[in-house]
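Analysis of the macromolecular model
Given next are the chains, with one letter for each unit.
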Amino acid sequence: MQKRWLWILGVLIVVGAPVAWWLGSPLFIDDAVDEAFPFDLPTMAEAADMNPEMLEQTLDNVVSQVSQAGAMDDMTAESQAALEERMMMLATGLADTTMDDPLDDMMAGAGGEAAASEAAAGEPQEVARGSFMDADNFHRGEGTALVFAQGEQQVLRFEDFRVTNGPDLHVLLVENINARSHSELGSTLDLGQLKGNVGNQNYVIPEGTDLSQYAGVMIYCVPFSVTFATAEF
């Protein structure tokens, strides 16, 4: 009888050990992945040897590739996050782009002859204001966002403005200024690519825009859906 039980126990060990190993092995064996970026990105050392113009052109080329439909579909979420981090780090090597737009010329010229007539009739009126805040410890912004109205014409103006430079930054009016992801932004109005990461600048708001639909303005990296700075009205 004892031999029979020993035989049964031996069979269970022989059959059960491989099954136990198959079930438990993922807990102990690393599944290493070293996926290369499908984009031609310089290393940080190579970027340090580039002048700002060369680096900007390189980043623009990658942004152009990333912006194409389906460009990152085959990349894992981890690789996409790593690509975003690398792009942001490389962008710190970009030279500041400084603007100094006068407001009066924008108000007079944005809407053609009608706007010029309005400009002659009176001064633009400030209708909204907000202070830029950092999105996080890496993406920083400061300065004032103001909206001026003159008749039907509205212009968004940045004064004493500075933001961390980055690839393909755009100026968005957004419904949810505290959004943490693209899906949380709500209604948005893209006023175009940021003219410069430093200095006073103006952006025409399309005629007929209901400003009350938007909580403020966001400096937003379009290809990677990253917020750089926000100003709540």
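For the structure itself, consult the block above.
Residues numbered from 1 in each chain as written. Predicted model: local features only at pLDDT ≥ 70, side-chain atom pairs only at ≥ 80, totals over all residues. Heavy atoms only, no water.

1. Comments concerning the sheet that holds strand β7 (residues 198-205)
How we decide: Note on pairing: DSSP must find at least two bridges between two strands before they are called paired. We count a stretch as a helix when DSSP gives it H or I for four or more residues in a row; a strand needs E for two or more, and each element gets its number in order from the N terminus. Interaxial angles span 0 to 180 degrees and are taken between N-to-C directions of axes, which are lines fitted to C-alpha atoms, for helices over the stretch in contact.
The mixed open sheet is built from nine strands, whose spatial order is β1-β7-β4-β3-β2-β9-β8-β5-β6. The open sheet has two edge strands with one neighbour each: β1 (98-100) and β6 (188-193). Within this sheet the neighbouring strands show an average axis-to-axis angle of 30 degrees, counted without direction. The sheet contact formed by strand β5 (residues 169-174) and β6 spans four bridges and is antiparallel. Among the inter-strand pairings, Leu 173 is bridged to a residue of β6, identified as Leu 189.

2. With respect to the nonpolar core
Using the following cut-off: By nonpolar core we mean a set of buried residues, namely Ala, Val, Leu, Ile, Met, Phe, Trp, Tyr and Cys, connected to one another through side-chain atoms within 4.5 Å. Buried, partly exposed and exposed residues are distinguished by accessible area as a fraction of the type maximum, computed with a 1.4 Å probe on protein chains only: under 20%, between the cut-offs, and over 50%, respectively. In this analysis, two residues are considered to be in contact whenever any of their non-hydrogen atoms come within 4.5 Å of each other.
Among the nonpolar cores identified, the biggest contains 42 residues, and Leu 156, Phe 158 and Ile 219 are the most heavily contacted of them. Phe 158 has contacts with Phe 132, Thr 144, Ala 145, Val 171, Leu 194, Gly 199, Asn 200, Gln 201, Tyr 203, Val 217 and Ile 219, leaving out every residue within four places of it along the chain. Counting seven residues, the second largest nonpolar core, distinct from the first, contains Leu 172, Val 174, Ala 179 and Met 218.

3. Topic: the packing of helix α3 (residues 52-66) against helix α4 (residues 77-91)
Convention followed: Small angles under 35 degrees read as roughly parallel and large ones over 145 as roughly antiparallel, with 65 to 115 read as roughly perpendicular and the rest as oblique. By convention, the crossing between two helices is left-handed when the near helix turns anticlockwise from the far helix through less than a right angle, and right-handed when the turn is clockwise. Side-chain classes are defined by residue name, with Ala, Val, Leu, Ile, Met, Phe, Trp, Tyr, Cys and Pro counting as nonpolar, Asp, Glu, Lys and Arg as charged, and the others, Gly among them, as polar.
At a closest axis distance of 10 Å, the pairing of α3 and α4 adopts a crossing angle of 155 degrees. If you check the angle between α3 and α4, you find them roughly antiparallel. Handedness of the crossing formed by α3 with α4: left-handed. Between α3, through Leu 55, Leu 59, Val 62, Val 63 and Val 66, and α4, the contact on the second element is made entirely by Leu 83, Met 87, Leu 90 and Ala 91. Of the residues assigned to the contact of α3 with α4, the class counts are nine nonpolar, no polar and no charged.

4. Some words on a nonpolar patch on the surface
Operational definition: A residue counts toward a patch only above 30% relative accessible area and without a salt bridge, and it is joined to like-charged neighbours within 9 Å or, for Val, Leu, Ile, Met, Phe, Trp and Tyr, to nonpolar neighbours within 5 Å. Only the protein chains shown count as cover for residues, with accessible areas throughout obtained via the Shrake-Rupley method and a probe of 1.4 Å. One speaks of a salt bridge when a side-chain nitrogen belonging to Lys or Arg is within 4 Å of a carboxyl oxygen belonging to Asp or Glu.
Residues Met 44, Met 89 and Phe 138 make up a contiguous nonpolar surface patch of about 250 Å² in total accessible area. Topologically, Phe 138 is positioned in the loop between β2 (125-134) and β3 (141-150).

5. Some thoughts on the side chain of Thr 227
Tracing the backbone through its elements, the reader meets Thr 227 in strand β9 (residues 226-232). Ignoring any residue separated from it by four or fewer positions in sequence, one finds Thr 227 in contact with Ala 135, His 139, Met 218, Ile 219 and Tyr 220.

6. A few points about the packing of aromatic side chains
What counts here: Put simply, two rings from Phe, Tyr or Trp (the six-membered ring, in Trp's case) pair if the centres are within 6.5 Å, and we call them stacked under 30 degrees between planes, edge-to-face over 60, tilted for the rest. Placement of a charge over a ring requires the Lys NZ or Arg CZ to be within 6 Å of the ring centre, with the centre-to-atom vector within 35 degrees of the ring normal.
Inspection of every chain in the model, using the stated rule, returns four aromatic pairs. A centroid spacing of 5.0 Å and a plane angle of 90 degrees characterise the contact between Phe 132 and Phe 158, whose relative ring orientation is edge-to-face. Residue Phe 132 is found in strand β2, and its partner Phe 158 is found in strand β4 (residues 153-163); the two are separated by 26 residues along the sequence. We note that Phe 132, like Phe 158, is buried. What links up through ring pairs into an aromatic cluster is the set Phe 132, Phe 158, Phe 161 and Tyr 203. Above the face of the Tyr 203 ring, Lys 195 is positioned so that its terminal group lies 5.1 Å from the ring centre.

7. Topic: the pattern of salt bridges
Taken as a whole, this structure holds five salt bridges when the rule is applied. The salt bridge partner of Asp 101 is Lys 195, with a shortest N-O separation of 3.1 Å. On the criterion of sequence distance, the pair formed by Asp 101 in the loop between β1 and α5 (103-109) and Lys 195 in the loop between β6 and β7 is long-range, its members being 94 residues apart. Note that Glu 159 is salt-bridged to Arg 157, the shortest N-O span being 2.8 Å. According to the relative accessible area criterion, Arg 157 is buried, its value standing at 7%.

8. Regarding the pairing of β4
For β4, the buried fraction is high: eight of the 11 residues fall into the buried class. Between β3 and β4, which pair antiparallel in sequence order, lie two residues; one of them, Gly 151, sits at a positive phi of approximately 65 degrees. As paired strands, β4 and β7 are joined by six bridges and run antiparallel to one another. From the neighbouring strand, Arg 162 faces β7, where its bridge partner is Val 198.

Note that all results are geometric; they support no functional claim without further evidence.
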